[in-house]
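Structural overview
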Number of protein chains: 2
Amino acid sequence: MSHSPHSSGPLDDYGPTERTVPTRSKERASYDRATVHALLDDEYVCHLGFIRDGAPVVLPTLYARVGERIYVHGSTGSRPMRAADPGLAVCLTVTHVDGLVLARSAFHHSINYRSVVIHGTAYQVADPEEKRLALDALVDAVVPGRAADSRPANARELAATAVVRLDLAEASAKIRTGPPNDEAEDMDLPHWSGVVPRTRVYGTPIPSSDLDPSIGLPEYLAGR
Amino acid sequence: MSHSPHSSGPLDDYGPTERTVPTRSKERASYDRATVHALLDDEYVCHLGFIRDGAPVVLPTLYARVGERIYVHGSTGSRPMRAADPGLAVCLTVTHVDGLVLARSAFHHSINYRSVVIHGTAYQVADPEEKRLALDALVDAVVPGRAADSRPANARELAATAVVRLDLAEASAKIRTGPPNDEAEDMDLPHWSGVVPRTRVYGTPIPSSDLDPSIGLPEYLAGR
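For the structure given in this document, a descriptive report is provided here. These figures come from a predicted structure and were not determined experimentally.

Quick look at the relation of the copies chain A and chain B now. With an RMSD of 0.0 Å, chain A superimposes on chain B once it is rotated by 180° and translated 0.0 Å along the axis. Read as a symmetry element, the transformation amounts to a two-fold axis. Identified as the residue of chain A closest to the rotation axis by C-alpha distance is R200 of chain A, at 2.1 Å. When you check the interface residues of chain A against chain B, 100% turn up at the interface there too, and the contact is symmetric in its surfaces.

And the structure:
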């Protein structure tokens, strides 16, 4: 029964490791596979960290999850892509900002957020079929259904694009929700206390000026 | 005249360095001080990268800009804060996602974004007055005007909080705007092409359930 998707057996968790257990607010950490997947699937821009010339580098980039693998892509000439040929130690982080937490005390101000941090080694994808599927997944991560409604990469474009894979093995989520945690002795202070929700929204799609006017808005965009 | 805020003299730019000049899309990079400041001032959550036990770590955290300094804070017991006592090499990145760029070809799909990447060494702030001002700035970065309308940190809270400073010296912005860049030979393909704008919005503030009902919504929140 531990293989059931609703069990709490070991296969449903990423085992905590020394570096995925936070030093503080441990109660906010989760290693639950479904939680990590859901947070990853609700975004497509991550921050990818790696080491270059002995110093940390953090760059925003697109990602897509396919099962227990995360894919990112870039120019074959870019520095992190080249470094991922023998294997590159990375930390890939995805953050949702859900609200501003205003406590009566400055100290207890906080942010409601949901984040995932993945540690591991990124490798360049050599298999052409896996690469093609990863590129489709990267387009569909941004707009589900779009990969099938665009011209696939040709040989020249495929050669110019590197895809990098990171296995979801050492991963954790961290989540803060709810109202501020004010001190008992602060409750009578005359300061407003509460949460300001924050979310992302999509505006009305803007067609390219050179778009054939007979091409209407696709169904997969109409609902956004 | 090169000191004028409207000149394009060297003081208005962060000088490009080997690691702030991108290997591709160089036309998207900017070292303009006002551009970097504006992008930093329009957010308060960054991704902070550093090296721990030889591996990269990327964590989301609050930041505030005060002049040419960036401040972040954390528990005095947290690992990056302790590491910043002698000085910690960091990369601090802020990203705005402004739109989804849908090209006729999968290859030319992109994201409209504005990002800032800062490289440098973070140091713990020892001066109590600078620390106090930085903590006010961190509250005001999230909600301007809020620091003056909350109880300031007491001695115990100040002792539990570490503030870290990163000088804005090696910084660059990268910006993509506008429609997709389709290939000439793709213009007659039957795929919708354009941009889906994305922005962040704030919802109606939610008062804490234990808030004295005579305390109304402060003016600095009413306009959000």
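Our next topic: helix α1 (residues 33–41) of chain A. All names here are of chain A. Those residues of α1 that fall on the buried side of the exposure criterion are V36, L39 and L40. What you see down the axis of α1 is that its buried residues fit within an arc of 100°, all on one side. Structurally, α1 contributes buried residues whose contacts are with β4 (64–66), β6 (88–102), β7 (110–124) and β9 (170–176).

Opposite the 80 residues of chain A that make contact, chain B presents 80 residues. Put simply, the parts of the chain that give the side of chain A that touches chain B at least two residues each are β2 (45–52), β3 (55–62), β6, β7, α3 (128–142), β10 (194–202) and β11 (206–207) of chain A. Per-element tally for the side of chain A that touches chain B: the top contributor is β10 of chain A, with nine residues. Its residues assigned to classes, the side of chain A that touches chain B shows 47 nonpolar, 19 polar and 14 charged. Both β10 of chain A and strand β11 (residues 206–207) of chain B contribute to a ladder of two bridges, which runs antiparallel. Following the sheet pairing, V195 of chain A is matched in β11 of chain B by I206 of chain B.

Thresholds applied
Residues numbered from 1 in each chain as written. Chains lettered and ligands numbered in written order. Predicted model: local features only at pLDDT ≥ 70, side-chain atom pairs only at ≥ 80, totals over all residues. Least-squares fit on C-alpha atoms with pLDDT ≥ 70 in both. Contact = placed C-beta atoms within 7 Å. Buried ≥ 20, exposed ≤ 12 C-beta atoms within 10 Å, placed from the backbone. Helix = DSSP H or I, 4+ residues; strand = E, 2+ residues; numbered from the N terminus. Arc of directions from axis to C-beta. Nonpolar A, V, L, I, M, F, W, Y, C, P; charged D, E, K, R; others polar. Pairing = 2+ DSSP bridges.

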